[in-house]
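Here is how the chains run, residue by residue.
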Amino acid sequence: MFKDTKLEEFTFLKMLIIIKKANLFKENSVKNYIYQSVGRGSRFKVQGSRFKVQGSRFKVHGSRFKVQGSRFKVQGSRFKVQVWSENTIVMITDVRERCSYNRFKVLIIIMIISFSSSLLKAQVIEIDTVFIIAKPRISKLTEQPLTEPLSILPATSVVSRNEIRLQGANTVIDALNHVPGGLTETRGRQVKQFFSVRGQKYPYPDYAINGVWQKEFEELPYFFSASDIEEIEIIRSSAALLTGLSGLSGLINIKTREYQSSETVLEAEYGTFNTAHLHLSTGNTIGRLSYAAGGGYDRTEGPKGMHANESMANLYARMTWQPVSSIILKANIFGLDGTREMAIALEPAEPRYRNMRQSFDPYRALLSNVRIEYRPGNNLTSELQLFYSRRNPTFIDEVRETESNEKDYEYGVNFLQAVALSSSNVLRFGGLYNRWVAPNGKRFYIGKRCDTETFSAVIADEQQLGRFTFDTGIRFTGTYLNEYAAYNIEGDGGLFRDVTPVTDEWEAPVIQATLGASFDYSRNLSFHVNSAAGQVKPRVGTLSTSMTEPENETRLKIDIGSIYKTELGKYSLTAFGVFQKNAIVLSGTTATSIETGEVRVLYLNRNQSQTGIEFEALPPPVMNTLRPFFNFTLIRSRMENDNQMVANREHPALITSGGLYFRQKAFDINILCKYVAPFENDRFVPAYHGPQPLGDFFVADINGGYTTKGKVPVRLYFRVRNLSDLRYSTVNGYPDFGRMLYAGVQVKLMKEAD
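Read on for an overview of the structure.

Each value, and the rule that gives it
Residues numbered from 1 in each chain as written. Predicted model: local features only at pLDDT ≥ 70, side-chain atom pairs only at ≥ 80, totals over all residues. Heavy atoms only, no water. Helix = DSSP H or I, 4+ residues; strand = E, 2+ residues; numbered from the N terminus. Buried < 20%, exposed > 50% of the residue type's maximum accessible area, 1.4 Å probe, protein only. Contact = heavy atoms within 4.5 Å. Pairing = 2+ DSSP bridges. Phe/Tyr/Trp six-rings, centres within 6.5 Å; stacked < 30°, edge-to-face > 60°. Lys NZ or Arg CZ within 6 Å of the ring centre and 35° of its normal. Axes fitted to C-alpha atoms, helices over the stretch in contact; angles between N-to-C directions.

**A closer look at the side chain of Arg198**
By the element assignment, Arg198 lies in the loop between β13 (193-197) and β14 (206-209). The buried category is assigned to Arg198, whose relative accessible area is 0%. When neighbours within four sequence positions are excluded, Arg198 is seen to be in contact with Ala155, Gly181, Arg236, Ser237, Asp559, Thr574, Phe576, Gln610, Glu614 and Ile635.

Written out as structure tokens, the structure is:
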């Protein structure tokens, strides 16, 4: 059973422990057996032991041994505790439901093994009463200050590493494709793909990497390798108050891989349009230090004649170090270097877009951040984030035979403090500073320096009262313009060369506030309500039809939802409303800069609203082989036109996704489908043509493979994207490239933890 005192396989004994609803725990006496291996001549007995899960520690009291310094891991709706001491291994694993407050139902497996270097023999030991104590919500908030409010849980989606693999996703954008209410707009411009939820655009959702906010990230998700991701958390609604500065549009938090044991994975893939994907990742935990690293190369020629050649290399590294029990240091770095041609537009795009031949050569980016967590006690946590990013693309206009450098960089600091004021209340507060500089300008305001400083402060409180939990928060944001020349223009786009920069001036402050509540009706059913109000600033460089910066948008949002979780799966239903005053939207008109030749898309302010219903079903596996999923979002979108509210056809009325994951022994096959109802847009088309129809498409993808057994598992797999070869469009003039086929191999080298 054991080899060189390393854990191989063991028979787990299952105990079902139900702690009924009450403020005080009710103790259930569970008489059970634990299989145990001991050294020759030694005796081992556990009687009256108390098991306590709290923070990242696991202790055993009232017995002949004590274990500290455990490893605590959360994966989806399961958590795992593994404890390794000199002569004892204690494991708790396979919790089927996430613990919530003082009431939970768990199916738990406990194994205690004691061994020495001498010969081992099996023994059965009877134990007495076992108490299992759930970690309170308040403890979680003090340990993880960036945790968003419980009231927004029905509008939060998590795409795990396993789901990323089952979906055949290679990039962040690929992994977001089946999020409820999610829509990806693909085009041939500098930002190749925009992702939004519930029709929330201008601005689009914010991005964060391991909880560290990114100011300018929209250009990079298409290139960020999914192989280096542990999970992606998507907050589809209004409560993203603690991470990011525009949570009113939603938040996408990318959590990168962390390794508990030694693992190295090599991936190689080849497919349509001479597309190639190579990636190598590795990681391990050694004592108090864990690391992860990955590097990849992707290239494609794109369809012939579409000017869509891409070649990109990426590099990622992460380190976590705990020098003492109260301090945790985490560092991340992500680099990108390559070239990219912008795909040409087709009809119905207007001629100027169809005649463009533009590219980036080289296209370079560097993102880095450091997080320092200080936990002097159970009721206090301080977190400090330091970040620096640099993007240095060279933009080439092949028709005009011109090129320009669009370098920009940003750096800053974010601080967050969590304090448990009592056993049922936690207060969190902090501040953020960001400095962003584009020395030569970028995009359509190239040649005009930009230098801004953003200051933000946030305070949030969460209070638990029996079955109820209440939360509230407020964030203040202000931006100081050291030098800025991307707006405040009179006339047409040609006046860019004559614009006078704004210097040493404060922009109007932006305030966002949230209020929410949750109610645990039973151990399986909970209800949640969350509301948020605040302002949304126009994105840097945005111009209105009057060639001035649009007014700030005032946005009010509300979510009312419920979650039902049992052994029969997880199901959530949410009703939402988004009400926008002076919403920042596309005007359908453009202006051209005489100096650079760049085409400016102009915006306007109008009142509009989106209301709807979201449903998500995650049933359990059927016979441990077939696992389905399904979700849909119904949206009723309205806008102001001639002082009247009319239907807004820019947003689809229905977005739905579903699929089946099938696994039988070493074989797996996965089918994923998505339907988007009709919608329209007038972007990139001549004004006299008016809005053009988009959407109303059904797309299916399929992938599968075979995984060999043995010490070095090898997976041979295939992927088919857009199975029906449908040429649908999400943006005018940029249709999908159609059916694409890929084949690949994945080799995994693993070593069990010592």
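Moving on from the model shown.
**Things to note about the pairing of strand β25 (residues 394-397)**
In β25, alternate side chains face the same way, and those of Thr394 and Ile396 on one face and Phe395 and Asp397 on the other are all buried. Alignment of strand β23 (residues 358-377) against β25, held across 3 bridges, turns out to be antiparallel. The residue of β25 that forms the bridge with Gln358 is Asp397. When β25 meets strand β26 (residues 402-405), the two strands line up antiparallel, connected through 4 bridges. Paired with Thr394 across the two strands is Asn405, which belongs to β26. If you look at the hairpin formed by β25 and β26, you'll find 4 residues sitting between the two strands, and Glu401 has a positive phi there, around 60°.

**Details of the packing of aromatic side chains**
Counted by the stated rule, this structure contains 21 aromatic pairs. When the centroid spacing of 4.8 Å and the interplanar angle of 50° are considered together, the rings of Phe667 and Tyr706 count as tilted. Taken as a pair, Phe667 in strand β41 (residues 667-681) and Tyr706 in strand β42 (residues 692-707) lie far apart in primary sequence, 39 residues in all. A relative accessible area of 51% means that Phe667 is categorised as exposed. Linked through ring pairs, Tyr222, Phe223, Phe360, Tyr363 and Phe395 together constitute an aromatic cluster. Between Arg257 and the ring centre of Tyr259, over which it is positioned, the NZ or CZ distance is 4.1 Å. One residue, Arg719, lies across the ring of Tyr742, its end atom 4.3 Å from the ring centre.

**A short note on the sheet that holds strand β17 (residues 251-256)**
Pairing is mixed across the open sheet formed by 5 strands, whose spatial order is β11-β16-β17-β14-β15. The open sheet has two free edges, formed respectively by β11 (156-160) and β15 (212-214), since each of these has just one partner strand. When strand polarity is set aside, the average angle formed by the axes of neighbouring strands in this sheet is 20°. Alignment of β14 against β15, held across 3 bridges, turns out to be antiparallel.

**As for the environment of Gly695**
Inspection of the secondary structure assignment puts Gly695 in strand β42. Here the alpha-carbon distance between Gly695 and His651, two residues 44 residues apart in the chain, equals 9.4 Å.

**With respect to unusual backbone geometry**
Here the bond from Glu347 into Pro348 is cis, since omega is 15°, no more than 30 degrees from zero. Counting through the fold element by element, Pro348 comes out in the loop between β22 (327-341) and α4 (351-354). A cis geometry characterises the amide bond from Asp361 onward to Pro362, with omega recorded as 0°. In this structure, Pro362 sits in strand β23. One non-glycine residue with positive phi stands out, namely Asp504, at about 50°. Within the fold, Asp504 resides in strand β31 (residues 502-506). Exposure remark for Asp504: the relative accessible area of 53% places this residue in the exposed category. Positive phi, close to 55°, is recorded for Asn722, a residue that is not glycine. Turning to its location among the elements, Asn722 is positioned in the loop between β43 (714-721) and β44 (740-751).

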